[in-house]
Structures are given as structure tokens and as C-alpha cells.
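# Analysis of the macromolecular model
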Amino acid sequence: MITDKSRFAAGIASRFFFFFCSTLLVLATAFHSSEVLAQGYDLGNKLPFFRIDKIEVQGTKKVEGQAVLEKIESRKGMILNNYLLRGDIKKIYSMKFFDSVEAFQLKSKGKNILRFVVKEKPIIKEITVEGNDELDDEELLEQTKTKEFSILDVNSIKNDVKSLQKFYEEKGFYLASVDFRVEQINAENSRVVFTVQEF
């Protein structure tokens, strides 16, 4: 028999569950960007979420899920809180393999599952050089650390641009400028193009 009292209790439980899940999703969204992480986002007081019964990683293709699990601090039996969650997401980002990292709570047979959903960065399928007439492609690409079939890392590519700029100056091309662009071949592969203006 369902009484008004039981309906009230169920309503309170439902609202609490919605608030709880919303809080966790807000945290995941807040730390979706590495830029936000770098700014040291203030979480305020430590907020306990739930006891972790299982941890899962979803979305990995080239990276082993176990590698992600070994990187984080959360373990089965721990009480997840906002600071532990932020630390784990930061650690996953620090692997430099992922464009996005999100965390969710799932319930299965009365167990609390912490699931990290990641989106891997694309693989560099091809690297080319445009605009170079005086220096050949091979000579220029020897100056770069970015290689084909490696995971796309924009910061590494920017460092390669600096190396190429310096190389041109050493060769006496003081007016040369170097830039780059990334072209998407498909969902999993990209092309890196170094663009050069020698004069």
C-alpha cells in the first residue's frame, strides 16, 4: 500500500538523486577543458559523493583502459569526492592522449560505478611542408619531433614551428616565417601541414 508518507519519501529521494547526479555532471563539465584545469578552479569545501564499487573507462581505442586506471588515484572502496575527482581528471589529461574527459556515476545491481568517458586525440597520418623552395622537405622534417603515426599534440607542433624558424635563421633566411595547420582526414586521423614563407 502506497501512503502519502511513502510518496513524500520517494519524492525526497528522487530529488536528492537528481541533485547528486547533476552535481557530478557539473563537475565533469567544469573540468572538461584543460584550460579550466590550468586555472586552478576553486571547488570550495570537500564534498563526498559515493563509495566506489567499480571503476570503468569508456572510449579508448588506441590507449589501453588499464593505463588510465593505473594513472588515477581513485580505487574501489574509496569515497569519491570533488577533489579526488578533479585530481583524477587532471591526471588523465596529463597523459596527453585525450581531447576530452568526463566522469559519471552509474548504478548497477545496487553498486556504484565511476565511469570515465574519454575522447582520444587523432593520430597523425601524414606530415607535409608547403611553401619551401630553398630547403627540401626531408631536411626540414628532420628538425621536428612530431612524427607520423604519433598522437596529435598541438603544443609539440608549436615547438616544432619554433625549431623550423630557428633552422631557417641559421641558414640565413632571416625573413622566413613558419606556421602550421591541422587537417582532419577522418574521425581518427589528421594531417599536419607546416607552411613556410621563405621571403
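Attention here is on the structure that accompanies the text.

Thresholds, definitions, all that
- Residue positions are given per chain, counted from 1 along the sequence in the order it is written.
- In view of the model being predicted, local features appear only for residues whose pLDDT reaches at least 70, and side-chain atom pairs are presented and counted only at 80 or more, with totals across whole chains, interfaces and linings using the full set of residues.
- Only heavy atoms go into the side-chain values, all of them from the structure, while hydrogens and water stay out.
- Pairing between two strands requires that DSSP report at least two bridges joining them.
- Secondary structure is summarised from DSSP: a helix means a run of H or I of at least four residues, a strand means a run of E of at least two, and numbering begins at the N terminus for each.
- An axis is simply a line fitted to the C-alpha atoms; with a helix, the fit covers only the stretch in contact. Between two such axes, the angle follows the N-to-C directions and lies from 0 to 180 degrees.
- Any two of the Phe, Tyr and Trp rings considered here, Trp counted by its six-membered ring, make a pair once their centres fall within 6.5 Å; the pair's planes then place it as stacked at under 30 degrees, edge-to-face at over 60, or tilted in between.
- A simple rule labels every residue: compare its accessible area, found with a 1.4 Å probe on the protein chains alone, to the largest value its type can have, and call it buried under 20%, exposed over 50%, or partly exposed in between.

### Here's the deal with the sheet that holds strand 6 (residues 123-130)
Spatial strand order, 6-8-7: 3 strands in an open sheet with mixed pairing. At either end of the open sheet lies a strand with only one pairing partner, and these are strand 6 and strand 7 (177-184). Mean inter-strand twist for the sheet, computed between neighbouring axes without regard to direction, equals 20 degrees. Bridge count for strand 6 against strand 8 (residues 189-197) is 7 bridges, and the pairing is parallel. Bridge pairing links Ile123 to Asn189 in strand 8.

### Regarding unusual backbone geometry
At Lys96, a residue that is not glycine, the phi angle is positive and equals roughly 65 degrees. Within the element layout of this structure, Lys96 appears in the loop between helix 4 (82-94) and strand 4 (98-108).

### What about the packing of aromatic side chains?
This structure, assessed with the given rule, holds 3 aromatic pairs. Ring centres of Tyr168 and Phe173 lie 5.6 Å apart, and the angle between their planes is 80 degrees; this geometry places the pair in the edge-to-face category. Overall, Phe173 belongs to the buried group, its relative accessible area being 16%. A ring pair is formed by Phe173 and Phe199, whose centres lie 6.1 Å apart and whose planes are at 65 degrees; its orientation type is edge-to-face. You can see Phe173 sitting in the loop between helix 6 (154-170) and strand 7 and its partner Phe199 sitting in the segment after strand 8, a full 26 residues away along the chain. You can call Phe199 exposed: its relative accessible area is 69%. Put simply, the rings of Tyr168, Phe173 and Phe199 pair up and form one aromatic cluster.

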